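Summary of the model geometry
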Amino acid sequence: SQTKNQEKIYQQQVSELEKRQSEIATEIEKIEEELRTKIDPNLLPQLRPGVLAMPTNGIISQEYGATAFAKYTYKSKWHNGIDIATPLGTPVFAAEEGKIVAVGNQDRYCYRGAYGKFIVIEHNNNLTTLYAHLSLQAVKEGDSVKRGDLIGYVGKTGWATGPHLHFTVFAGNTFAMEPSRYCGLMPVGGDLNPLGYL
C-alpha cells in the first residue's frame, strides 16, 4: 500500500515535470521562431568549416532542426542546436574568442526544465554561442576568452536524458537574455545550424 502510494506520487511528479518541460520548450520556440526571421545573412560569416572550433570531444547525438527526436519529444518539433554526447566532466572549450555575456543556472528556477547550467559567449564575428547542461562553469560574466580556452565541464543539468553538451549558435544581432515565465532569464536568439560553421 505504501509503495503504491509512493508510485502514484512519483508518477504525478513525472507528469508535472513533463508538462512543465513542454511548456518551457514551447515558450522558447515561440520566441526563437520570430527571432529567426530577424537574421540578416549579410552580417554573418560565410558558411564554412573551421569558423568555430568543436567545443568538446564526443559524438553528435542529435543534430540541428526538425530531428526525429525533436518531432517525437518537443511540442515545438525543433532542436535549436546540436547535442554532443560525452562523459560527465569532459572539458568544454570556447568555440571562438569573445566575451562571456551570460552565465546561469536555470535549475534554481525550473529544476530539469531547460538548459540547467549554461554559458553564452558573444564573438567578434557576429555569432553568439550557447553551451548548456554543464556540470560546472569555469568562467564568469564579463570574462574575455580565446578560442580553445576552458570554460566549463559537461554535465546533465536541466532537461537532459544523459551527459551531453547542448551547443547552439545564434546570429549575434538577434541574441537576448529574456525573462521567461518559468526559468528566470532565458538565452534566446535566431538560431543557426552549428554544423555549417564547425
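Residues numbered from 1 in each chain as written. Predicted model: local features only at pLDDT ≥ 70, side-chain atom pairs only at ≥ 80, totals over all residues. Heavy atoms only, no water.

1. With respect to the overall build of the protein chain
Helices and strands together make up the secondary structure of the protein chain, namely 2 helices and 12 strands. Scanning the protein chain from its N terminus toward the C terminus, one meets helices and strands in the order α-β-α-β-β-β-β-β-β-β-β-β-β-β. Over its C-alpha trace the protein chain gives a radius of gyration of 17 Å, about what one expects of a compact globule, namely 16 Å for 198 residues. Its C-alpha atoms give the protein chain principal-axis dimensions of about 60 × 35 × 30 Å. The buried share of the protein chain, reckoned over its 198 residues, is 46%. Restricting the contact set of the protein chain to residue pairs at least 6 apart, pairs at least 24 apart contribute 67%. With the model as given, the accessible surface of the protein chain reaches about 10400 Å², and the carbon-plus-sulfur share is 50%. Side chains of the protein chain give 20 positive and 21 negative charges; the mean places of these two sets differ by 6 Å. (Helix = DSSP H or I, 4+ residues; strand = E, 2+ residues; numbered from the N terminus. Rg over C-alpha atoms; globule rule 2.2 N^0.38 Å. Buried < 20%, exposed > 50% of the residue type's maximum accessible area, 1.4 Å probe, protein only. Contact = heavy atoms within 4.5 Å. Areas by Shrake-Rupley, 256 points an atom, 1.4 Å probe, with all protein chains shown as cover. Lys, Arg positive; Asp, Glu negative; His and termini not counted. Charge placed at Lys NZ, Arg CZ, Asp CG, Glu CD.)

2. Side note on the environment of G65
In this structure, G65 sits in the loop between strand 1 (59-62) and helix 2 (68-73). The class for G65 is buried, based on a relative accessible area of 2%. Between the C-alpha atom of G65 and that of N80, which follows or precedes it by 15 residues, the distance is 6.1 Å.

3. Topic: the pattern of salt bridges
Any two side chains of opposite charge can pair if their charged atoms end up close together. Scanning all chains against the criterion turns up 3 salt bridges. R147 is the salt-bridge partner of E96, the closest N and O atoms lying 2.8 Å from each other. One end of the pair, E96, is in the loop between strand 3 (91-93) and strand 4 (98-105); the other, R147, is in the loop between strand 7 (144-145) and strand 8 (150-154), and 51 residues separate them in sequence. E96 gets classed as buried once you look at its relative accessible area, which sits at 16%. With its nearest N and O atoms 3.0 Å apart, the salt bridge here joins K140 to D143. (Salt bridge = Lys/Arg side-chain N within 4 Å of Asp/Glu carboxyl O.)

4. Section: the packing of aromatic side chains
This model, assessed by the stated rule, comprises 2 aromatic pairs. With 5.3 Å between their ring centres and 55° between their planes, Y131 and F167 make a pair best called tilted. Here Y131 is found in strand 6 (residues 127-137), whereas its partner F167 is found in strand 9 (residues 164-171), with 36 residues between them in sequence. Taking the relative accessible area as the measure of exposure, Y131 reaches 0% and is therefore buried. Look at F170 and F175: their rings are 5.6 Å apart centre to centre, the planes differ by 40°, and that puts the pair in the tilted class. (Phe/Tyr/Trp six-rings, centres within 6.5 Å; stacked < 30°, edge-to-face > 60°.)

5. Here's the deal with unusual backbone geometry
Positive phi, normally seen in glycine, also occurs at N126, with a value near 70°. By the secondary structure assignment, N126 is in the loop between strand 5 (117-123) and strand 6.

6. Quick look at the state of the cysteines
Counting across every chain of the model gives 1 disulfide. Put simply, C110 and C183 are joined by a disulfide, and their sulfur atoms are 1.8 Å apart. Handedness here is read from the sign of the S-S torsion; for C110 and C183, about 115°, the answer is right-handed. Of the two residues, C110 is situated in the loop between strand 4 and strand 5 and C183 in the loop between strand 10 (176-179) and strand 11 (185-188); the sequence distance between them amounts to 73 residues. Judged by its relative accessible area of 4%, C110 is buried. On the accessibility criterion, C183 (0% relative accessible area) is buried. (Disulfide = S-S within 2.5 Å.)

7. Quick notes on the nonpolar core
In terms of nonpolar packing, the biggest core is built from 27 residues, with L52, Y131, I151 and F167 touching the most fellow members. The set of elements that each furnish at least two residues to this core consists of strand 2 (82-85), strand 5, strand 6, strand 8 and strand 9. Those residues within four positions of I151 in sequence are excluded, and the remaining contacts are V92, F93, A94, I119, I121, Y131, Q137, A138, V139 and V145. Counting 17 residues, the second largest nonpolar core, distinct from the first, contains V120, F170, Y182 and V188. (Core = buried A, V, L, I, M, F, W, Y, C linked by side-chain atoms within 4.5 Å.)

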